[in-house]
Amino acid sequence: MNDFWIILVGALVAGSCSVLGCFLIVRKMTLIGDAISHSVLPGIVLAFLLTGTRDSVPMLVGAAALGLLTVFLIQLFQSSGVQADAAIGIVFTSLFAAGIVLVSLYTQQIDFDLEHVLYGEIAYTPWNTLTIGGIEAGPKAVWIVGSCFILNLILIFVFFKQFKLVSFDPALAAAMGIPVLLFHYVLMSLISMTTVASFDSVGSILVVGMLIIPAATAYLLSDRLSGMIKVSIVVGVLSSVIGYYSATILDASISGCMVGSAASLFCLAFLFSPTHGLVSRLLKRRKSKERYA
Amino acid sequence: MNLLDIMTDPNTRWILLGTMFLGLSSGVIGSFAYLRKQSLLGDTLAHAALPGICIAFMLTGVKSTSFFLIGAALAGLAAVFLISVLTRYSKIKQDAALGIVLSSFFGFGIVMLTQIQQSEYGNQSGLDTFLFGQTASMVMSDVYMMMAVSFILIFTCTLFFKEFKLLSFDPGFAKGMGLPVVFLDYFIMMLIVAAVVIGIQAVGVVLMASLLITPAVSARYWTERLHIMVILSGIFGMLSGVSGTLISTSVNNLPTGPLIVLSATAWFFFSLLFAPKRGVLSSVWRRVSLKKNHSLEQERRKGRYTS
């Protein structure tokens, strides 16, 4: 049963991240997940200092607030003329540094183990269960990440046309009367919510990897945004299943193995994708050369 | 401790010298990275160092800084190679390539870390503290190495200034002129690898990224010419290194790396507000004076018509 829960949580994280990752790939902002997972640190520390408890709800609220602040600051600097990648870099490194300074200023007396409070470990999810009215309702992580997944799917499905247009051609979208900035912030809030909710239960590296790698794999396999989203979900779920079993064989970190198997799937797509793969393009080139000769 | 005590303390003097050179060299090379839209390369290389350090530890079995640095440098070179292959041979864009390499290297690094934990190597605790950086543990030989690497970096940037400039602004034209674009591309990235690797020990991997980005962006506010920007960015980096180190030694228990980053951010905000032409205050001032001129003009016209 524990196997099932871990794979389910992994697959849900992979699914919700890769849906959003597709939009990040086409908007060329993929590293925003990495930025958010670092810059939430001061929010978590402040929540801990204000409430004094290690309860996960105030920490999640603090993290989510900082996630939104990150997104807002990046947008602000970008619109004032700083390149997108540099804006992301400045914002997350300074917020992370502020977080570390806060930790070393205020939490030296109290036992505050950063790694364990901040970043969850997917292997422990089955034991952290949720009970509603005395009935055991499965691991908490399944509920949190699952509701994120469903919310993402619903919003993307309902506003698919708008998100697509805003991502590919913001000027046209603005001319057609779509509130571009609003959809930008909706997408970024979804990303920040998903990042925060998932790293609390599975650890940050899995979130960052799953935001980027399955979507990039799908980018090589499909030329349509809708097809790309479907392929990326399949790739994400596959890599969490493969990752779990390879982790049990190797006896290594589960999240690390899930990211590793996603990377291996990406390599396969990079080499053998029927339209954009390296090998298939070489074969095509040779064939056309032969025909020419 | 007052400023004089800090200046006379030999240990602090060494650390100050080290962070100064680190800021200088990463500021200089960072401005090329910024113009080539590779600002986050530092972040990627810093994360990609993890598997390199793990492999170095597995092969040698000792926690030695020099082996770690070699491992990190080799992993950085592999990462640079993969990024360039991904962007050249597929339709993957640069930012996605950086992200893919970052997360997959770090994922494999974590797998190796758990392997080390479970095997006979025993205590692996030194590996992750290495990743977070400890400026206080810098010794004289580290400072010498930082100085040597930053001299090499600055010297090469001066020597190849024209080539790097062309490559940053118009790679197509550079290719047309017969410059070895692919080679120069790798060369700049190798210089960035060198800057990141010597910085890891001082400020840690996560914050090394900021020393490459923030001084360059701050310098961009002040000038429209590349050579002034490179010099300014080096100065901003140096100032951040010095002020971060000074603050952390005068206030107890504050880590140096994050303070260097925060002072770089402070310089960034200073430039954002006060830079001539591109700064926020000057553009507000321009708008206000334009409005005033306009209304004066209106008044004058009105007066002319009525009289």
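Here is what the cut-offs are and how they apply
Position labels on residues start from 1 in each chain and follow its written sequence. Whichever chain is written first is A, and whichever ligand is written first is 1; the rest continue in order. Thresholds applied to this predicted model are a pLDDT of at least 70 for local features of residues and 80 or more for the giving and counting of side-chain atom pairs; totals over whole chains, interfaces and linings are not thresholded and use all residues. Side-chain calculation: all heavy atoms of the structure are included, whereas hydrogens and water are not. A helix here means a DSSP run of H or I that spans at least four residues, while a strand means a run of E at least two residues long, and both kinds are numbered starting from the N terminus. Whether a residue is buried, partly exposed or exposed follows from its accessible area with a 1.4 Å probe, protein chains only, as a fraction of its type maximum: under 20%, in between, or over 50%, in that order. When checking whether two residues touch, look at their non-hydrogen atoms; a contact exists if any pair is within 4.5 Å. Between the first and last residue of a helix there are one fewer steps than residues, each counted as 1.5 Å, and that sum is the expected span. Working definition for bend: take the seven residues up to and ending at a residue and the seven starting at it, fit an axis to each, and measure the angle between the axes. Under the pairing criterion, centres of Phe, Tyr and Trp rings, with the six-membered ring standing for Trp, must be within 6.5 Å; the plane angle then separates stacked pairs below 30 degrees from edge-to-face pairs above 60, leaving the rest tilted. A ring has a charge above it when a Lys NZ or an Arg CZ is no more than 6 Å from the ring centre and no more than 35 degrees off the ring normal. Defined here as a combined quantity, buried area equals the accessible surface (1.4 Å probe) lost by two parts on assembly, summed across both. Contacts described as polar in this section are N or O atom pairs within 3.5 Å, which, within protein, must combine one atom able to donate a hydrogen with one able to accept it, while residues neighboring in sequence count only if both atoms come from side chains. Axis definition: a line fit to C-alpha positions, over the contact stretch in the case of helices; interaxial angles, taken between N-to-C directions, run 0 to 180 degrees. Roughly parallel refers to an angle under 35 degrees, roughly antiparallel to one over 145, roughly perpendicular to one between 65 and 115, and oblique to any angle outside these ranges. Residues are grouped as follows: Ala, Val, Leu, Ile, Met, Phe, Trp, Tyr, Cys and Pro are nonpolar; Asp, Glu, Lys and Arg are charged; every other residue, Gly included, is polar. Each patch is built from residues lacking any salt bridge and having more than 30% relative accessible area; the joining distance is 9 Å for like charges and 5 Å for nonpolar side chains (Val, Leu, Ile, Met, Phe, Trp, Tyr). Using the Shrake-Rupley algorithm and a 1.4 Å probe, accessible areas are obtained, with residue cover drawn only from the displayed protein chains. Every case where a carboxyl oxygen of Asp or Glu lies within 4 Å of a side-chain nitrogen of Lys or Arg is listed as a salt bridge. Charge assignment in this entry is limited to Lys and Arg as positive and Asp and Glu as negative, and neither His nor the chain termini are counted. Where a charge lies is defined by one atom per residue type, namely NZ (Lys), CZ (Arg), CG (Asp) and CD (Glu). Each nonpolar core is a collection of buried residues, namely Ala, Val, Leu, Ile, Met, Phe, Trp, Tyr and Cys, held together in the definition by side-chain atoms within 4.5 Å. The hand of a helix crossing depends on one turn: near helix anticlockwise from the far one by less than a right angle means left-handed, and clockwise means right-handed.

**Student:** I would appreciate a short explanation of the overall build of chain A in the present structure.
**Tutor:** Looking only at helices and strands, chain A features 14 helices and 2 strands. Counting the 293 residues in chain A, one finds 55% classified as buried. Within chain A, counting contacts between residues at least 6 apart in sequence, those at least 24 apart form 71% of the total.

**Student:** What am I meant to see in helix H3 (residues 41-60) of chain B here?
**Tutor:** An α-helical turn contains 3.6 residues, so a residue and the one three or four places further along point in the same direction. Residue and element names in this part refer to chain B. Between its first and last C-alpha, H3 extends 28 Å over 20 residues, near the 28 Å set by a 1.5 Å rise per residue. Of all the bends found along H3, the most pronounced is centred on Leu50 and spans about 25°, while Pro51, a proline, follows it within four residues. Positive phi appears at Gly61, one or two residues downstream of H3, with a value of about 80°.

**Student:** I tried to follow the packing of aromatic side chains on my own but got confused; where do I start?
**Tutor:** How two aromatic rings sit relative to each other is set out by the distance from centre to centre and by the angle between their planes. Counted by the stated rule, this structure contains 22 aromatic pairs over all chains. One cation-aromatic arrangement involves Lys91 of chain B over Tyr219 of chain A; the distance from NZ or CZ to the ring centre is 4.3 Å.

**Student:** Mind showing me how you'd approach the interface of chain A and chain B here?
**Tutor:** Many authors give the size of an interface as the accessible area that is lost as the parts come together. Taken residue by residue, the interface counts 53 residues in chain A and 52 residues in chain B. Summing both sides of the interface, chain A and chain B together bury roughly 4,200 Å²; the carbon and sulfur share of this comes to 73%. Between the two partners, chain A and chain B, sit 11 residue pairs in polar contact (both at pLDDT 80 or more). Of all the secondary-structure elements, those providing two or more residues to the side of chain A that touches chain B are helix H2 (32-39), helix H5 (84-106), helix H11 (204-221), helix H13 (254-272) and helix H14 (278-292) of chain A. Considering every element that reaches the side of chain A that touches chain B, the biggest residue donor is H5 of chain A, with 15 residues.

**Student:** Explain the packing of helix H8 (residues 161-169) of chain B against helix H12 (residues 226-250) of chain B here, please?
**Tutor:** Two quantities define a packed helix pair, namely the angle between the axes and the distance from one axis to the other. Residue and element names in this part refer to chain B. As a packed pair, H8 and H12 sit with axes 11 Å apart at the nearest point and diverge in direction by 100°. Our classification of the angle between H8 and H12 gives roughly perpendicular. Facing H8, whose interface residues are Phe161, Lys165 and Phe169, H12 presents Leu226, His227 and Val230. Partitioned by chemical class, the residues of the contact of H8 with H12 number 4 nonpolar, 1 polar and 1 charged.

**Student:** So what exactly am I meant to see when it comes to helix H1 (residues 2-27) of chain A here?
**Tutor:** All names here are of chain A. The first and last C-alpha atoms of H1 sit 38 Å apart over 26 residues, in line with the 38 Å expected at 1.5 Å per residue. Of all 26 residues in H1, 22 are buried, a share of seventy percent or more. Phi turns positive, to about 60°, at Lys28, one or two residues after H1.

**Student:** Help me understand a positive patch on the surface in this model?
**Tutor:** Residue and element names in this part refer to chain A. A surface patch of positive charge is lined by Arg281, Lys284, Arg285, Arg286 and Lys289. The residue Lys289 is located in helix H14 in this model. With a relative accessible area of 61%, Lys289 lands in the exposed category.

**Student:** I would appreciate a short explanation of unusual backbone geometry in the present structure.
**Tutor:** Note: most peptide bonds trans; most residues except glycine with negative phi. With a phi close to 60°, Lys28 of chain A is a non-glycine residue in the positive phi region. A positive phi angle is found at Lys37 of chain B, which is not glycine, with a value near 55°. Here Lys37 of chain B lies in the loop between helix H2 (10-35) and H3.

**Student:** Is there a simple way to explain the nonpolar core in this structure?
**Tutor:** Proteins that are soluble and globular tend to have nonpolar side chains buried together. Membership of the largest hydrophobic core comes to 161 residues, with the highest contact counts inside it found for Ile156, Ile191, Ile229 and Phe266 of chain A together with Ile92, Ile192 and Val217 of chain B. Looking at this core element by element, the count peaks at 15 residues for H1 of chain A. With near-sequence residues (within four places) excluded, Ile191 of chain A lies in contact with Leu20, Leu24, Ile32, Ile36 and Leu211 of chain A. Of all hydrophobic cores here, the second largest spans 8 residues; its members include Leu41 and Val103 of chain A together with Leu207 and Val261 of chain B.

**Student:** Just to check I follow, could you spell out the packing of helix H3 (residues 41-51) of chain A against helix H4 (residues 56-79) of chain A for this structure?
**Tutor:** All names here are of chain A. The interhelical angle for the contact between H3 and H4, taken along N-to-C directions, is 140°, at an axis separation of 7 Å. Of the possible angle classes, the one that applies to H3 and H4 is oblique. Considering only the axes of H3 and H4, their crossing is right-handed. Across the interface between the two elements, Pro42, Gly43, Ile44, Ala47, Phe48 and Thr51 from H3 touch Pro58, Met59, Gly62, Ala63 and Leu66 from H4.

**Student:** What is the right way to read the side chain of Gln83 of chain A from this model?
**Tutor:** By the element assignment, Gln83 of chain A lies in the loop between H4 and H5. Overall, Gln83 of chain A belongs to the buried group, its relative accessible area being 19%.

**Student:** Any chance you could explain a nonpolar patch on the surface here in plain terms?
**Tutor:** Residues and elements named next belong to chain B. Taken together, the side chains of Phe270, Leu273, Phe274, Val280, Leu281, Val284 and Val288 present a nonpolar region at the surface, about 550 Å² in accessible area. Within the residue set of the nonpolar patch, elements represented by two or more residues are helix H13 (256-274) and helix H14 (280-306). The dominant element in the nonpolar patch, judged by the number of residues it contributes, is H14, at 4 residues. Relative to the helices and strands, Phe274 resides in helix H13.

What is shown is where atoms sit, not what they do.
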